[in-house]
Amino acid sequence: MPWLSYRKALNRALGDELARDPAVFVLGEDVRVAVSNVTAGLLGRFGPERVLDTPLSEQAFTGFATGAALAGMRPVIEFQIPALLFLAFEQIVNQAHKFSLMTGGQTAVPVTYLVPGSGSRAGWAGQHSDHPYALFAHAGVKTVVPATPEDAYGLVVSAIRDDDPVVVFAPAGALDVRVDVDFATLAPVPLGVGRVHREGSDVTVVAIGHLVHDALAVADELAGEASVEVFDPRTVYPFDWDGLAGSVRRTGRLVVVDDANRTCGIAAEVLATAAERFDLSAPPARVTRPDGAVVPFAPALDRAVQPDRDQLATAIRKVLKD
Amino acid sequence: MALLSAAAHADLYRTVRLIRRFEERAVELVRAGDIVGGIHPCTGQEAVAAGVCAALRADDMITSTHRGHGHVLAKGADPKRVLAELAGRTTGLNRGRGGSMHAADFRLGILGANAIVGANAPITAGAAWAAKRAGDGRVAVSFFGDGAVNQGVLLESLNLAALWRLPVLFVCENNGYATTLTVADAVAGTITGRGEAFGIPSTTVDGMDPVAVLDAARTAVDRARAGGGPSLIECVTYRFDVHHTWEHRARVRYRPDDEIVKGRSRDPLEIQGSRLSDVDRERVDAEVESLVDDAVAFALSSPHPDPEDALDHLYATGLRGRPGDGR
C-alpha cells in the first residue's frame, strides 16, 4: 500500500473537496506557491479563482471568508502560524461563530480555519509556537486536532462539509507522521467522535494531537507493568464525553496529556468532567505546558515547557500507585 | 443633481419619514421599558439610508452598524418585525436573538447590523466577491460611521476590495462623533483620503439630502456593476439624538448647544419634504403613521421567547452543548 504523510493527507482532503464542491475555495498567505506544502498543486488544478493569495491582512481575509460564506461559499483559510488566530479571534469567535444564533438561525457560516504546524516547531520561539485550541473550545467553536494522516484527511473533509465554523489544528509534531494506507479507505471522520488507538485495562490516557504518538510509545514502554488505553478525542469541541466515559469505565483511572497551558486547558476540562461524572478509583493526573507558558527560543528551553514522555510515564505510574 | 419623478421624491420622503417616526417611537418604547438594552437612534441621519438603498436592487446586499435601524428599514425590512426584534419577541427578524444591533433579513440581502465598529467591512467584501464570482451583478454596501475609519480592519478591507475590484460601496456616515470623540480629535488626514490611498474613487456628499446621496450612490453602483470596483462615499450628516439612549439618563454633555441647534437646522425630513406637494406629504405622513402604529401594536402583542430555547440556533447543524447546570 502507498505511504500517506500527514501533510499529503491535508493536501488530498483539500483537493478532493475542491473537486467535489464548486462552493469550496482556499485562501491565505502564500497558498498558491504552497509554502507550507499543504496547498501544493491546487493552483494548477483549480485555478486562481479558487486558490486565493491574500495580502498580510489576517483580520480582513478572515472576515472576508465570513462574508463569502454568508453568500453561499465554503471558504477554507490556511493560517501559516497559530498565533495569527489571535489577530483573527474577533472575526472567528465574535463574528463567524455568532451569526447563526444572533440571526435566529437565518444563516450558516461554513468556514474552515486550517493551521498546519500548530504548537512548537522547535526554534520558532514565543510568537510562532502556541497551541490555542482550548480558546476556541471555550468559545464554543468546533475545534479538531487530528493526530494521524487518515484522521487529518477525514476531519478536514468533515470540517469543510460542516455548516458551522471549524478550526483545524494540525500539530507541527504530527506533520511528519506517515502511514501505509489504501487511499480508497480514506473517508470523512465525524466531528465529536474519539478514537481508541490502543486498548488497555489499567488506565486511560487522553492524548491530544501529536501527543497521541508519544502516549502510544509510553504505553509500549510500560507494557510490562501496566495495560494503558490511549484515547484520542480527535475533536476537542464538541468533546466525545460518552466515548471517554466508556473507556474510563473499563480502566477506572485517568491521565490527560495536553500540549497547552495548564489553566483552563482541555486537560482541565477533562479532569473537571471526570470529577463530576466518572467513577475513578484513583485521583486523575494531567501533563501540560506550565501555567501561562511563553515558549522560549533555545531548543532545550522550548522542550522544557512541552509535555514529554518521561512526565507522562511518571504521571501514569503515580495514578496506578494511588 | 438628477431629476426625479414626483413618485421617486415621494418614495425617498416616505423612507426618511418612516425611519424618523420608527426611531421616535422606539425611543419612547425604551423609556417605557418595552425595549431593554437601549438603542442607538439614527434620527437626523435618515437621508443616508434612504438615498443609498434607493440606488439598490432588491437582491443587492448591505451590512450595517450599531446604528442600523434606518439601513434595515430602507432596504425593505418589515417595520413590524424590526420593532418586534428590538422588543425581543419571537416574531422579530432574528426571533429575538439579535436585538437592535444585529437586525438581519437574509431574504432581503440584509446580512446583519454589526456591533463591532468596522467589522462589517471585510464581511461585505467577502459577500461582494461571492457575487462577483457568481456573475449575478449584485453589489454589496458596507455602512459605517466616522469612528470606523480608524479601525485597521476597515483599511485592510479597502485594500482587498480595490485589489480585487469588488462590487462594494463603502458608505461612511460621518456624523461628527465616534460616541463622544469628535472627528477633529480622532481622524488624521481625511475620510475620502483613506479611499483615495487605495485608488478607490471617493467623494463627499451632503448626507442630509437624500437626493444628493442617491446621486452619488447611483454613480458608485453603476461603476460596481460594470466591473469598475469599489467606491467610497462620505456622507456628512448630524445625529439629532444621543449616541445611545443610555445618555438620556446619564446626561453626559459633549456637544455644544449652538452646534446642536445648527445641526438640527438642516433636517432631511424638511429637505425632502419640501420637494412634495402639501397634499402628497400629508398622505405619506398618514401612511407612515399607520405603519408605525401597526408595528408598535404588533411588537408589543407578540410572544416572548421561551427561556428553554435560549441556545436555539447556536449551531447551524443543531449541535447542542452540555447544559451549564451540572446535569
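All figures in this text were calculated on a predicted structure; none of them were measured in a lab. (Residues numbered from 1 in each chain as written. Chains lettered and ligands numbered in written order. Predicted model: local features only at pLDDT ≥ 70, side-chain atom pairs only at ≥ 80, totals over all residues. Heavy atoms only, no water.)

Time to look at the overall build of chain B. A count of helical and extended segments in chain B gives 13 helices and eight strands. Its C-alpha atoms give chain B a radius of gyration of 20 Å, near enough to 20 Å, the size a compact globule of 327 residues would have. Here the C-alpha coordinates of chain B stretch approximately 60 × 45 × 40 Å along the principal axes. Considering chain B as a whole, with its 327 residues, one finds that 55% of them fall into the buried category. (Helix = DSSP H or I, 4+ residues; strand = E, 2+ residues; numbered from the N terminus. Rg over C-alpha atoms; globule rule 2.2 N^0.38 Å. Buried < 20%, exposed > 50% of the residue type's maximum accessible area, 1.4 Å probe, protein only.)

Residues and elements named next belong to chain A. Here chain A is partitioned into domain 1 (3-185) and domain 2 (195-321). On a C-alpha basis, the centroid separation for the pair domain 1 and domain 2 is 26 Å. Contact with domain 1, which involves 28 residues of that partner, is made by 25 residues of domain 2. Of the roughly 2000 Å² buried between domain 1 and domain 2 on both sides combined, carbon and sulfur atoms contribute 59%. On inspection of domain 1 and its partner domain 2, the count reaches three salt bridges. D151 is paired through a salt bridge with R195; the nearest N and O atoms lie 2.9 Å apart. (Domains from an automatic or database assignment. Contact = heavy atoms within 4.5 Å. Buried area = accessible area lost by both parts, 1.4 Å probe. Salt bridge = Lys/Arg side-chain N within 4 Å of Asp/Glu carboxyl O.)

With that settled, the discussion passes to the environment of E156 of chain B. Its location among the elements puts E156 of chain B in helix α6 (residues 152-163). Between the alpha carbons of E156 of chain B and V292 of chain B there is a distance of 39 Å; along the sequence they are 136 residues apart. In contact with E156 of chain B, not counting residues within four places along its chain, are S57, E58, Q59 and A60 of chain A. A polar atom in the side chain of E156 of chain B sits 3.5 Å from the backbone nitrogen of Q59 of chain A. (Polar contact = N/O pair within 3.5 Å; in protein donor to acceptor, adjacent residues only side chain to side chain.)

In this section: the nonpolar core. Core analysis: the largest hydrophobic core is formed by 80 residues, its most contacted members being F64 and L244 of chain A. Residue contributions to this core peak at eight residues, all from helix α5 (residues 120-134) of chain B. Each of domain 1 (3-185) and domain 2 (195-321) of chain A gives at least three residues to this core. Here F64 of chain A is in contact with F25, L27 and L52 of chain A together with P122, I123, A125, G126, W129, L160, W164 and L166 of chain B, once residues within four sequence places are set aside. L4, I110, V211 and A220 of chain B belong to the second-largest nonpolar core, a separate cluster that totals 58 residues. (Core = buried A, V, L, I, M, F, W, Y, C linked by side-chain atoms within 4.5 Å.)

So, on to the pairing of strand β4 (residues 168-174) of chain B. Residue and element names in this part refer to chain B. In terms of residue burial, β4 counts as a mostly covered element, since seven of its seven residues are buried. Where burial is concerned, the two faces of β4 agree: the one with V168, F170, C172 and N174 and the one with L169, V171 and E173 are both buried. Sheet topology note: the strand β3 (residues 140-145)/β4 ladder contains six bridges and is parallel. Within β4, the residue paired with A140 across the bridge is V168. Taken together, β3, α6 and β4 constitute a β-α-β crossover, and its handedness is right-handed. (Pairing = 2+ DSSP bridges. Right-handed = clockwise from strand over helix to strand, strands pointing away.)

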